[in-house]
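Working through the structure, step by step
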Amino acid sequence: MTRLLVIEDDARLAALLQRGLDRQGYDVEVVDAADTARAAVLGSAYDAIVCDVMLPGEESGIDWCQWLRSLGIWTPVLMLTARTAVQDRIAGLQAGADDYLGKPFAFGELSARIHALLRRSVEPRATTLRSGSLTLDVIRHEVRVDDVVVDLTPREFAVLEYLLRRQGEAVSRSEILDHVWDFAYDRASNVVDVNVGTLRRKLRSRGAGRVITTVRGIGYRADGVTSS
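Here the structure is a predicted model, which is why all the values come from computation and not from measurement.

Across the interface, helix 2 (residues 34–43) lies against helix 3 (residues 61–70) with an axial gap of 11 Å and an inter-helix angle of 25 degrees. Here helix 2 is positioned roughly parallel relative to helix 3, judged by the angle of their axes. Viewed along their axes, helix 2 and helix 3 form a crossing whose handedness is right-handed. For the pair helix 2 and helix 3, the contacting residues are Ala34, Ala37, Arg38, Val41 and Leu42 in the first and Trp64, Trp67 and Leu68 in the second. Class assignment for the residues of the contact of helix 2 with helix 3 results in seven nonpolar, no polar and one charged.

Dropping the structure here:
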């Protein structure tokens, strides 16, 4: 049976999630704080985790997710939060979350997103990505060309990381929009092209050469990448 961990301190919402997910055939465990969630993942294996960003105590869901990834545990994580600003979503993704759902939400959408996460293979994700003289450090949230730090915005960093993780693959603009911006973002917007253009100029100015290739009619591709 598929095992889910739900980290939610709102007792009413936690009960609704447990009841709904139980009915769908999942084996659900619910905890209400970061410390109990730590004990849970250290003592058991889960197929996916649903985690609220706002948790009681000093440790947020984002902090907890960073801790989880620092252990090399890559169980899919879906973050829940009432804070739906773009910067909040980016922070969650940069912490290692796989998806982000704003409150209030329809249970059907939550269920669909969990199902999508479970379809993905769970593989260890490198914390350092390289392309020629360029190094992207996920933990330090830093990009360097040789020994020079490249000043990137959170979105530019997220775009670069996503392309490097999909090394050698042609990635569509829609995929980048969904990952870095918002699932409901205007598909007619040129925001991806603008950010990639700025990102390329910043990397080129530091001598990184061609890291991102345009794939005509599709989107972009990162080539020549190694990871560790």
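What follows concerns helix 2. Burial in helix 2 covers these residues: Ala34, Ala37, Ala40 and Val41. The buried residues of helix 2 all sit within an arc of 115 degrees when viewed along its axis, so they share a single face. Among the exposed residues of helix 2, those oriented more than 90 degrees off its buried face are Asp35, Ala39, Leu42 and Gly43. Buried residues along helix 2 sit in contact with strand 1 (3–7), strand 2 (27–31), strand 3 (48–52) and helix 3.

Let us now look at a negative patch on the surface. A cluster of acidic residues, Asp9, Asp10, Asp32 and Asp35, forms a negative patch at the surface. Within the secondary structure, aspartate 10 sits in the loop between strand 1 and helix 1 (11–23). Residue classification places aspartate 10 among the partly exposed residues on the basis of a relative accessible area of 39%.

A separate point is the packing of helix 6 (residues 154–165) against helix 8 (residues 191–205). Between helix 6 and helix 8, the least distance of the axes is 10 Å, while the angle of their chain directions is 85 degrees. Here helix 6 is positioned roughly perpendicular relative to helix 8, judged by the angle of their axes. Counting all contacts with helix 6, which are made through Arg155, Glu156, Val159 and Leu160, the residues of helix 8 involved are Asn195, Val196, Thr198, Leu199, Lys202 and Leu203. Considering only residue class, the contact of helix 6 with helix 8 consists of five nonpolar, two polar and three charged.

A few words now on unusual backbone geometry. Residue proline 104 is reached from lysine 103 by a cis peptide bond, and omega for that bond is -5 degrees. Looking at the element boundaries, proline 104 is found in the loop between strand 5 (99–102) and helix 5 (107–119). Its identity as a non-glycine residue notwithstanding, histidine 141 has a phi of 55 degrees, on the positive side. In this structure, aspartate 146 is a non-glycine residue whose phi angle is positive, near 55 degrees. Structurally, the position occupied by aspartate 146 is in the loop between strand 8 (142–145) and strand 9 (148–149).

Working definition: an aromatic ring pair is given by the centre-to-centre distance plus the angle between the planes. Enumeration over the complete set of coordinates arrives at one aromatic pair. On the basis of an interplanar angle of 45 degrees and a centroid distance of 6.0 Å, the ring pair of tryptophan 64 and tryptophan 67 is categorised as tilted. Pair noted here: tryptophan 64 and tryptophan 67 are both in helix 3, with a separation of three residues, about one helical turn. Both residues of the pair, tryptophan 64 and tryptophan 67, count as buried.

Parameters and conventions
- Residues numbered from 1 in each chain as written.
- Predicted model: local features only at pLDDT ≥ 70, side-chain atom pairs only at ≥ 80, totals over all residues.
- Heavy atoms only, no water.
- Axes fitted to C-alpha atoms, helices over the stretch in contact; angles between N-to-C directions.
- Helix = DSSP H or I, 4+ residues; strand = E, 2+ residues; numbered from the N terminus.
- Parallel < 35°, antiparallel > 145°, perpendicular 65-115°, else oblique.
- Left-handed = near helix turned anticlockwise from the far one by under 90°.
- Contact = heavy atoms within 4.5 Å.
- Nonpolar A, V, L, I, M, F, W, Y, C, P; charged D, E, K, R; others polar.
- Buried < 20%, exposed > 50% of the residue type's maximum accessible area, 1.4 Å probe, protein only.
- Arc of directions from axis to C-beta.
- Patch = residues over 30% accessible without salt bridge, like charges linked within 9 Å, V, L, I, M, F, W, Y side chains within 5 Å.
- Areas by Shrake-Rupley, 256 points an atom, 1.4 Å probe, with all protein chains shown as cover.
- Salt bridge = Lys/Arg side-chain N within 4 Å of Asp/Glu carboxyl O.
- Lys, Arg positive; Asp, Glu negative; His and termini not counted.
- Charge placed at Lys NZ, Arg CZ, Asp CG, Glu CD.
- Phe/Tyr/Trp six-rings, centres within 6.5 Å; stacked < 30°, edge-to-face > 60°.

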